[in-house]
Structure formats: C-alpha cells, structure tokens
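# Summary of the model geometry
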Amino acid sequence: MSRRRDAVVRRGLRHIGRAVREQPRMFSLALLASSLYGAMTVASAYVIGEITDRVLLPAFDEGATTATALTLAAVAILGVALLKIVGILGRRLFAGVMSYRLQAEYRRRVTGQYLRLPLSWHQRHPTGQLLSNANSDVESAWFFVAPLPFACGALVMIAITSVALVLTDPLLAVVGLVVFPLVFAANIVYSQVMSPRMQRAQQLRAEVSEIAHESFDAALVVKTLGREDTETERFTARAEELRDGLIAVGRVRGLFDPLMEALPNLGTLAVLLIGANRVADGAADAGDLVSIAYLFTLLALPIRAIGWVLADLPRALAGFDRVTPVLEATGETPYGPDAATAAAGGAGIGVRDVGFTFDGVSRPTLREVTFDVAAGSTVAVVGPTGSGKSTLAGLLVRLVDPAGGGVLLDGVDLRRLREGELSASAAFVAQSAFLFDDTVRGNVTLGAPFSDDDVMAALRVAAADEFVTALPEGLDTRVGERGASLSGGQRQRLALARAVVRRPRLLVLDDATSAVDPAVEARILDALRGSETPTTVVVVAYRQATIALADEVVWLADGRAVARGTHAELIDRVPGYAALVRAYSQAEVAA
Amino acid sequence: MTGPAQRTEGAMATLRRGLRMMPEFRRGLPVTFALALVATAGRVVVPVAVQQVIDRGLAAPDGADLGLVTWLIAGCAVVVVLTAVAVYRMNVRLFRTTETALANLRARAFRHVHDLSVLHQQGERRGSLVSRVTSDVDQLSVFMQWGGVLGLVSVGQLLVATVVMFVYSWQLTLLVLVCFVPLVFAVRWFAQRLVRVYGVVRERVGDVLAAVAESVVGAPTVRAYGVRGRTAARLDAAIDRHYRAQVEAQKVTAAVFVSGEFVAALANAAVVVVGVLLGLAGDISAGTLVAFLFLVTLFVAPVQTASEVLNEAQNAVAGFRRVLDVVDTEPDVRDPAVAAPDRVRALPGGPLGVRFDAVTFRYAPGARAALDGVDLTIAPRTRVAIVGETGSGKTTFAKLVTRLMDPVAGRVLLGSDAGGWVPLADVAFASLRARVVMVPQDGFLFDATVAENVRYGRPGMTDADVVAAFDDLGLGGWLAGLPDGVTTAVGQRGESLSAGERQLVAVARAYVADPDLLVLDEATSAVDPATEQRLTRALDTLTAGRTTLTIAHRLSTAERADEVLVVDAGHVVQRGTHAELVDAEGPYARLHASWRRSSAGEPEPVG
C-alpha cells in the first residue's frame, strides 16, 4: 500500500516534470507571476504591520499624525496590492494558457494518431474508448496544471514567511513551522483518503448511466412486458449506492474544509498569545505581531492550492495512462514508390492468395482468396454473415493490408503504390454512410475541385438531386454532425454521389445501397459502366436486385472464395448460395 | 415530447418547482441555515481577538494584562473549534440531504421516462433522456454542494462581518461598504460576461467532440478518399477555436478575481486614513482599526466566489429545469389502475380477440392520419398477418393494440363475443401486460445471461424451466451449442449473439410470458438460413393456439397466416386468406408478384 502510494507520488512528480518540459516558457512566466503574488502577499502583511507600528500606534499614542504618514500608508497598501494583482493576473493567465495548450497539443497528437494509424488498429479499439481518450482523458491528464503555478507560488510564500518568521522572532517561527507542515500533511492525507472514494463514485456514476442507457434502449421490451417497476428498482438500487458513495465523499470533504480553515486560525491565535508575551517582554513589537497574524489569515488559501494539485494527480495519471498507448502506438501504413498505371477506364483487380486474420481472433477471416476482376466488369461478392465480405471489400481499397498474399491494381501490388495514388483511382462506399459535419457540396467533393455542375450531375445519378434542391440552402446546406439532419437513405445517396463524382476507375460498394431503391442502384451502376471507359465495380450484395446487376458473382463462404460464376450458374451449382439468396429475397420485400 | 417545450420561467420559479418536488430537501434546510450562521460567526473571531489583544493586552493604559490575553485567546480557540464542528455538521447535512433528495429525483425521473411515449417513438432522443437522469442531476448535485456551501457561508460571512463592523464603528463600516458597492455591480456585469464566454467554451467543446468523432467514426472514409490532411486541418481548427475560447474565458475569470483584490486594497487604504483621523477624534481605538483591516479580507472572498457561483448556478438551473420538465410531463398513456381505479374492468379469460372501433391515429396534431377510422374485428385464436408498404400504418396497429399509444379517436377493445369486449383504456396495465405481449423487431437483450433474459418474461423461473422452454420451442439444440448453455452471457445489448439468435431469445422470452394475445413485429434483418429455419419453427410453436398479430415484413409469413390484412395509407384495403388475395386484383397481388420476381432472381423493373 505505502509502496504504491510512493509510486503514485514519484510518478506524479514525473508527470509534473513532463508538463513543465512541454511548456517551459508558460510555466516560467506563471511561476514568476505566482512568486510575485506570493512575495506581495507576504509584503502586504508586512505593510500592515509597519503601518501599525509607524502610523497607527504612534498616532493613537501621541494623538497626532502627519498627512505624509497617512499618504505613505495608503500608497504602500495600494502599491503592494497593484503588484499583487499583476501577480494574480499573470498567474491565472499563464497557468490557464499552459493547461489549455497542453490539452490542445495532446488532443492534436492523439487525433493525429487516429488519422495516421491503420484501420486494423481502429478495429481493435472500441469507438467510445477512442473518443474519451481524445476528450476527457486528455483533459484530466492536464487539469492539475491550472493550479500548479499557484501551488508553486504558495511554496515560495511559505519559504519567505518561514525566513521572515525566524528573523522576526524565533519563537513565533516555531508556531509557523508547526502549522504549515500540519496544513500540508492534512492535504496529503485528504487526497489519499479522497481518491479511492472519488474513483468509486465515478465508477458508480458510470454504472448508473449504463443502466439508464440499457433500460431506455430496452423501452419497448420493458413496457410491453410491464417491467417498469423492476427496472426502476434496479436503477434505484444503483442510484442509492451512488448516493451513499457521494455522501462518503461529502463526509471527507465536509471534514477537510473546516479543518483547513481552523488550522490557520488556531495558528493566528497561537501567534497572538505568544506574541503578546513577547511584546510584553519587549522581544518583539506590536507591528510584528499584527503582520504575522495577518499573514496567517492570507496564507490559508494558497496552501490549499498545493492540496488541489496533489488531489488531482491520481486522476491526471490515470488519464495520461489511458492516452499513452494511443501516442505510443505504431504501425503506420507504409506506402511504396509506384504510380498507378494511368490508363483511363476501369482498373483490373487481382486478388492473390489473400489471407486476413483479425487480432485476437484465432480463426482467419479470409483464407487464400484468389480471383480476378476484369477491367470494366462488375462483380458481386455474396456470402453468409461473417464470411468475410466486408473485410474483402476493405482490402480492395487498402483500408487494411492482407496478412498473406496481395491485392493488385492493374498488376501493381497496392502496397507498392505511393500515398494518394489509390484513393485517386478507387472509391469506396461503406455499409453505413459517413458524412462530415460540412455542407452537402463539401461532403461530395471532400475538398477536391469539382464544379457545381459536376456535383449536381453526381447527385442526379445518386437520385439525391431532388432532396438536395429542396434543402433550405441547396448545396450549401450543412448536414450536421455525421449528417444528423438527413435520413439514412439521404445520407447513403450523398455518400454514393461522393463516389460517383470522382468517376473512379474502381468502385467498391460494401452493402452501400440497402437504403436506396433498386432502380436508383441500377442507374448508378449504369452511369459508371455505361461510359466508353467503364468503371470496374465490386459490390458486396445482399439484394437479389443488386446481384442481378453484376456480370459475375464470387461466392464467399467461411473465408474462402468457394465458387464463381454467373448468378444462374451458382444457383444451379451451389446449394448454399441458392438457399442464402432465397432467404435474403424473402426478407427484402420491404413490405 | 409532448411536454411544455419552451418554458421560459425564471430561475427562482424553477427552484420553487424543484423544492416542491423534493420535500426531504426542504425539511432539512432551516437547521442547515442555522448551522451556516454559527459557522460564519467563527470567522470574525480572529479579528476580534486581534482587537482585544491590542486594546486590552498590549495598548492597555496600565500595561499588558497577559492573564486576560491568555483567557481571551483560549476562549477564541474554543469558538474556532466549535465553528469547525458546526461547519462539518452543516456540510454533512447538506451533502446528505442533497444526495438523498437528488437520488429520489433521479429514480422518479427514471420511472417517469418509462411512462413517456417519446422513449419508443423517437429513439434518437433516448440519449438526451439518459442525461436527464445522469449528468443533469450530477451537475445539480455539484452545484448544490459547492455552490450551496459557498453561497451559505458567503452570505453568512458578509452578514456577520458587517454586524461586527457596525458594532466597532459605523463610520468605517459605511466607508467599507461604499468601497464594495461598485464591486457588487461589477460582479453582476462580470457574471453576465462569464455566462457568455463559458457558453462559447461549451459550444466549442461540442465542435471538438464532433471533429474528434469524425476522425474515429469516419476513419474508413478518410482513408478511402485520402482526405487525411483535410480532416486534420478541420480538427486543428476546432481544437484551436476551443483553446482560444478557453483563454478568453480565463481572462474574464481573472478580471473578476483581481477586481476583488483591488477593492479590498482600496478599502484598507481608506480604513487606515479615515480610521487614524477618527482615532484622533477619539472615536475608535487602535485595536479596532487593526481589526477592521482583518475584517475587510472577509469581504473579498464572498464577492469573488459569487460571480463563479452565479455562472455555475445558471447551468445547474437549466439542468434542473430539464429534469423537472421531464417529471412534469403528463404521460400520454396512463394506467387506469392509477388514474381512475373505479373504471378498471377485468379482461375475460381465454384467448383474446381484437376489435377496432372507428380508430384514428395521428403521430402529431395536424399530421396525416396514420390510421384513419379503422373498423375491424379479429376473432380469438386467429393468426393474422398485417402487410403494407413502409409508412402505410401497419406498425401503428401493433402500438395501439399493446397500448403503447392511445388512438386520437375511436376505441380499441379486447375480448371475444362470448366473454364480452373490454375497452383497452379500462384495462389495468398489470393485467394488460400479463395477457398481451409484443415481440419487437429488435429483440432487445440485457447485458446478462440467456436465462436471465428469458426470465424477464416471467420472473421466478428456474434455469431448468428456461431450458425446458427452449426445448418446447425446438431450440434445445441451439441452446446446448452455446458456450455456457443457458448461463451464457449475451454481452451488452446481446451483442455476443447474432441478430437472429437475439431474436430466438426474444421469442423464448415471449413464450414463457404465456400471453393470450401476441403481437410480433417481424425482424427484417437478413439472418443466415439455419437460424432462419429455427426461428420459423420456434414462432410456429409460440403462436399455436394464441391470437397472433404479425407485422409482416416477409410475404412468406403472410402465406402461413390464417388471414392477411393489407394496409395502405391508414386504411385496411384488403382482407382475406393469402390464397384469396393472391388471386384477387389489388395491392396484395402486386406485392406478391414483386416478391416472387425477386425470389426467382429477375431484376426489378427499372423506372
């Protein structure tokens, strides 16, 4: 236990060091400002003490004062306050900038990795985890940085105060040297008692949320079986655990807060008691006493900043630990030196002995798959669920690389192509259409210089022109996050237009037409194949109607390309194919 | 949601509405307030001690009275300790009452959400409903405790400090108040700016979340179209805008903070100058003057924190309002056993028939009628398939029969000619849910074992009962093939099973519920042929001897039904057996021909 605690402290210090190394300039500036703040806080106490000694007490003793003395006193108070304000402003701004820059910088690095790492890496990590890595984890990793300079400034303040105390009166120094470590120790104990409780509360929060998600998703089942009460009991039980967890957190915090207030107050009282004796003995003067008492009341808050940093470190480390694997992940997609053969028209595809196995899965998804797609032809890939169709589609556009064998584009292995060559020749439309939070136009062109006429023509082919024209701002309409303002079918048609507008030499459709009318599907394929230089099309198909559009069918079963031929041939020859196609078509009379 | 959509009530109105809903919270409040007042009293002890030590100890006319000083300080120390105890008690009370009240509010909102039809009608809004019982309440809890403690202590501190100051010197008190009055206005102004800048920050956070999601969810598209640079640039821009907004907000916060420091210094300088002059006039003592310098520091913190509390309060109140709006929304379908117990009627025993009596339904007022004056009777024990195009109104049937919604006109009745017909609206939910069961299209499974999921249909069954049920349905072999048989965990939302297998468990769940009327929303997802066969067999067993209403997505289902209802544009346009309808001229014959064509492998006619 204590060793683990030490480890956390050591790792915490290293993490602080990391933050400082990443932002040395901001940290120095913030530290400088904090030190100014610290020094001025001490100074303000001394000013009060000096004023007591030199202005107040003489005035009250002698019954007279000078305008100069009063002006000087006022100027001293205001001058020190102004410097202190400069310190506060600098501390808050530079510390804020430091913390925000670290967050932004790490968010950039993490998302940079997301864009750089191969899709096989993405497939190994749940979406929710990747999202929170880039968002909440990065945030918690650097959250402690905001009070860090304040805490460092507090250390400076304590150092100055200790020296001043010793110089003023050694006996008063003893009081300070007892109170400061006590406050510090209380902070450490607090963060250690608190962090497991906080973690538990956080865990319970997640569980409560999970139950709510599950239960609301199951609404139809819950309601139609009349299980609302048992669901509420299930939820309430966890919500009450959360309540108890939060009350446990509250107890600790509720004790710590008044303790933190009482300790400096008791210190002040001790200073007064000892000080009064010392003043009576003539060992100190009243001004010293007042300034030290005043200082104690000012010190309480900065010392707590040390506690804030310490309390937040375990969370910061946990967040950083979750981010690190992303930053350290390797496995960039290597690109080759070759250009694609610049022939116009459809590309010839060769799939040679391709094998593919997902990480953590023992059985290969694809095994020794070999087939050719002639330039300009259309091939449908058909197979039962889990036969590896989508994986194969992804291999053709190099979303992933095969474990064995290779995929050739016009005889060149995809891995030998330069970056950007393949995406310039091939287009891919996935099962669930992905739209960017951009305009309709931006989603079709993806930044490439297509004219509006080209875009409209592509939309027409994808049967998207009508609804786009009806949108409030036509091509300039923003589609919202992931196309939220559009229906599933509309999203799919935009994704198809995105592929069509590029006039790709190879088009790979991974069940991308499920939400569009078969007639539209036929029109899209006709438009691409009907030109003098027809596009090569590989389509993962579920629908009878889609299969019917293909020149040939590749029948995939259990990761192998088992048979190949026209639809009619396979119906006769392959019983599994016939059964599957029939099952699909029964499902499809979208009644 | 049909609830009050755009409520523009003030923050106080929301708080009052909330307090009415949380009596346990209100009950504890007076004692907590009293403790808060005691707690803040302790804060003026130190300044008072300073004054006493100077005036009666050090600057006393006849020399320092150290005995008195010792007693004074001991007394003050006791007060400090008592104060700490009071603060602790207050904190614990506050935490306990708020958490208890909020846990109850959470549970209440959760139960209420299940009564709202929005849950099953607008699936996309489920996420926001989840945040009603999670983050909105969490935010409220944080605010009530942080803001609540701070607010109570701050107000108390200001009050007590002002009173003590008045006792010492009314002139100096006025002086200090004059210095702080402008700050109060400044804080109000700052608070508005804070709300604005933090509003921008939240908006930018949303943009960053969206942009990050693109790089994760859109990864295949980004890769396939080679638009990494463009996506990275957009991400960078979003991250940068967020950063700028944060810095901007930080500037405002810092400004609030230092304005307090500045005013405090101003007040101190004024107190010294005016205090000395007053002292010369003999109005105050040296100790009083020094005590004032201490008391001024008590003024700074509450004013500084007030601006931050105000900002937090705006968010918390907005969240509170969202929660209360959910709880205050009247459920559109109410259980007569709760709403009107004297109207409740019992359903006749045995298989139940269905009767629609001029039933009209609209999803929104003024919208096209999803069902338009439908009259029909389905005899007990009949297996009926309902077919029609998407949007024809066929799923509306299922929702009305299970009373997920009520018709806007007309009545739905259950029963039989022999046992009598009972309006659905008069049937207690408990009896309705026991007799009428629906198997939804997506047979949702909970993150539990197969057995527990089936038991959801009839609590109290043993695992052996569940196995027997699977055997009855002809699914014993499939069950035995699972890694842990009936105790196999199905994973989140049943994702360890295939879509077809999830449907098998859902059928078993309905089977053990043993309903007299069964409503099936048939799955459309393509399942592999083996599962397809199992499912068909299990459904045959499940529907045998029961009145069954199947929303048919496959015409093979219609072929096996006793009767087929063809729905089009809210009307039942054809009714009869499959054989009769195929031969008759009409929509069914057309649907069927299209289905046959695609089964035979011919392309759909283009155009």
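Only a predicted model underlies this, so the values are computations on that prediction, with no experimental measurement involved.

### Regarding the overall build of chain A
Looking only at helices and strands, chain A has 20 helices and ten strands in total. For a compact globule of 591 residues, the expected C-alpha radius of gyration is about 25 Å, and chain A comes in at 36 Å, more than 25% above that figure. Structurally, chain A occupies a C-alpha span of about 115 × 55 × 50 Å along its principal axes. Counting the 591 residues in chain A, one finds 56% classified as buried.

### Overview of helix α9 (residues 228-281) of chain A
A rise of 1.5 Å per residue sets the reference length of α9(A), with its 54 residues, at 80 Å; its end C-alpha atoms lie 78 Å apart and thus fit the reference within 8%. Positive backbone phi, at 85°, marks G282(A), one or two positions downstream of α9(A).

### Observations concerning the pairing of strand β1 (residues 353-362) of chain B
Residues and elements named next belong to chain B. In the sheet, β1 pairs with strand β4 (residues 409-416) via six bridges, with the strands oriented antiparallel. Note on β4: the bridge partner recorded for V354 is L414. With six bridges connecting them, β1 and strand β2 (residues 369-378) associate as antiparallel partners. The residue of β2 that forms the bridge with V354 is I378. Here β1 folds back onto β2, and the loop between the two strands holds six residues, one of which, G366, carries a positive phi near 85°.

### A few points about a positive patch on the surface
A cluster of basic side chains, namely R197(A), R251(A), R89(B) and R96(B), defines a positive patch on the protein surface. Tracing the backbone shows R96(B) in helix α4 (residues 66-115).

### Some words on the pattern of salt bridges
All names here are of chain A. Applying the stated criterion across every chain yields a total of 51 salt bridges over all chains. Of the charged contacts, one joins D476 and R441 as a salt bridge, the two residues approaching to 2.6 Å between their closest N and O atoms. One end of the pair, D476, is in the loop between α15 (465-470) and α16 (488-500); the other, R441, is in helix α13 (residues 440-445), with 35 residues separating them in the sequence. By relative accessible area, D476 is classed as partly exposed at 40%. In this structure R441 comes out as partly exposed when scored by relative accessible area, which is 23%.

### Quick word on the confidence of the model for chain B
Residue and element names in this part refer to chain B. With 91% of its residues at a pLDDT of at least 70, chain B reaches an overall mean of 83. Counted against residues more than four places away or in other chains, residues 1-7, with its pLDDT under 50, gives twelve contacts. This stretch, residues 600-607, has a pLDDT under 50; its non-local contacts, to residues over four places away or in other chains, come to 14 contacts.

### Focus: the sheet that holds strand β5 (residues 412-413) of chain A
All names here are of chain A. One open sheet accounts for four strands, arranged β2-β1-β4-β5; its pairing is antiparallel. Of all strands in the sheet, those with a lone pairing partner are β2 (366-373) and β5, marking the two edges. Of the pairings in the sheet, the one linking strand β4 (residues 404-409) to β5 comprises two bridges and is antiparallel in character. In the strand pairing of β5, L409 is matched with V412. Most of the contacts of helix α11 (residues 389-396) go to strand β1 (residues 349-356), to which it runs at about 125°, and overall it touches β1, β2 and β4.

Scoring rules and cut-offs
Residues numbered from 1 in each chain as written. Chains lettered and ligands numbered in written order. Predicted model: local features only at pLDDT ≥ 70, side-chain atom pairs only at ≥ 80, totals over all residues. Heavy atoms only, no water. Helix = DSSP H or I, 4+ residues; strand = E, 2+ residues; numbered from the N terminus. Rg over C-alpha atoms; globule rule 2.2 N^0.38 Å. Buried < 20%, exposed > 50% of the residue type's maximum accessible area, 1.4 Å probe, protein only. Expected span 1.5 Å × (residues − 1). Pairing = 2+ DSSP bridges. Patch = residues over 30% accessible without salt bridge, like charges linked within 9 Å, V, L, I, M, F, W, Y side chains within 5 Å. Areas by Shrake-Rupley, 256 points an atom, 1.4 Å probe, with all protein chains shown as cover. Salt bridge = Lys/Arg side-chain N within 4 Å of Asp/Glu carboxyl O. Lys, Arg positive; Asp, Glu negative; His and termini not counted. Charge placed at Lys NZ, Arg CZ, Asp CG, Glu CD. pLDDT = per-residue confidence, 0-100. Contact = heavy atoms within 4.5 Å. Axes fitted to C-alpha atoms, helices over the stretch in contact; angles between N-to-C directions.

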